[in-house]
Each structure stands twice: as C-alpha cells, then as structure tokens.
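Residues per chain are reported as follows:
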Amino acid sequence: VIALLKQPSAFLPVAMSFAALAIVFVHIIMSGVARQVDEGTAAHLWQLLMAAQIPIVAFFGIRWLPQSPRSALPVLALQAVAALAALAPVYLLNW
C-alpha cells in the first residue's frame, strides 16, 4: 500500500482534497460562514479541485485495481475519505 501511495495518481487526489478543505477553512476564517450573493474565487477553486480529481481517481482504479486489488482498495478508500472530508463542510454549512 505504501509503495502504491508513491504513485501520482494515488496521492494527487488526496492532496487535492486537502487543498480544497484548506480553501474552505481559509475562506471561513477570512469571510465567515454567511452565504454570499455571488460565488467567489474560493468556491470556484474548490469546484475545480474536486472535479479534477475524478479522472485521476478513475485512472488509478483502471490502472491498479486489476493488477493489485489488495493494495489499490485501501488507497481508493483513502481517496474517498479525503474527498468526503472536503465535501462535509460545504454540505453542513449549505455553502
């Protein structure tokens, strides 16, 4: 599993999710949790980071699941948990 995490298609989605989560927290710290009239830069960056993960995760699954399912499944689970962590504040705050 650790060796597989060194693959860019394994760690990039996790890093992107944490970057999206950081964007949400920085935005909350700077502007508060009140809804704004127009989506700002933070919202657009969050959307781009989350959407750009989809093809990377798909590539990882197509490439590594058939070859090494025992190592690939925990990495996919980690990617899913990271994505859910980035989605949670947006969902909970109705942002």
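Conventions used here
Residues numbered from 1 in each chain as written. Predicted model: local features only at pLDDT ≥ 70, side-chain atom pairs only at ≥ 80, totals over all residues. Heavy atoms only, no water. Helix = DSSP H or I, 4+ residues; strand = E, 2+ residues; numbered from the N terminus. Contact = heavy atoms within 4.5 Å. Areas by Shrake-Rupley, 256 points an atom, 1.4 Å probe, with all protein chains shown as cover. Expected span 1.5 Å × (residues − 1). Buried < 20%, exposed > 50% of the residue type's maximum accessible area, 1.4 Å probe, protein only. Axes fitted to C-alpha atoms, helices over the stretch in contact; angles between N-to-C directions. Parallel < 35°, antiparallel > 145°, perpendicular 65-115°, else oblique. Left-handed = near helix turned anticlockwise from the far one by under 90°. Nonpolar A, V, L, I, M, F, W, Y, C, P; charged D, E, K, R; others polar. Core = buried A, V, L, I, M, F, W, Y, C linked by side-chain atoms within 4.5 Å.

## A few points about the overall build of the chain
Part 1 of the reasoning: For the chain, the helix and strand inventory stands at 4 helices and 0 strands.
Part 2 of the reasoning: Starting at the N terminus and ending at the C terminus, the chain contains elements arranged as α-α-α-α.
Part 3 of the reasoning: C-alpha atoms of the chain, sized along the principal axes, occupy 50 × 20 × 15 Å.
Part 4 of the reasoning: Put simply, of all contacts in the chain between residues at least 6 apart along the chain, 77% involve residues at least 24 apart.
Part 5 of the reasoning: For the chain, the computed accessible surface area is about 6100 Å², with 74% contributed by carbon and sulfur atoms.

## Concerning helix α3 (residues 41-64)
Part 1 of the reasoning: Compared with the 34 Å implied by 1.5 Å per residue over 24 residues, the 35 Å span of α3 between its first and last C-alpha is a close match.
Part 2 of the reasoning: Taken residue by residue, α3 has A42, A43, W46, M50, Q53, F60, G61 and W64 as its buried positions.

## What to know about the packing of helix α2 (residues 8-31) against helix α4 (residues 69-92)
Part 1 of the reasoning: Here α2 crosses α4 at 15 degrees, and the two axes come no closer than 9 Å. Regarding the angle of α2 to α4, the classification is roughly parallel. Every pair of crossing elements has a handedness; the one defined by α2 and α4 is left-handed. On α4, the residues touching S9, A10, P13, V14, S17, F18, A20, L21 and V24 of α2 are V75, L78, Q79, A82, A83, A85, A86, P89 and V90.
Part 2 of the reasoning: A breakdown of the residues in the contact of α2 with α4 according to their chemical character gives 15 nonpolar, 3 polar and no charged.

## Some thoughts on the nonpolar core
Part 1 of the reasoning: Counting 8 residues, the largest nonpolar core consists of A20, L21, V24, W46, M50, A83, A86 and V90.
Part 2 of the reasoning: If you list the elements that add at least two residues to this core, you get α2, α3 and α4.
Part 3 of the reasoning: Listed in part, the 7 residues of the second largest apolar core include L4, A10, W64 and L76.

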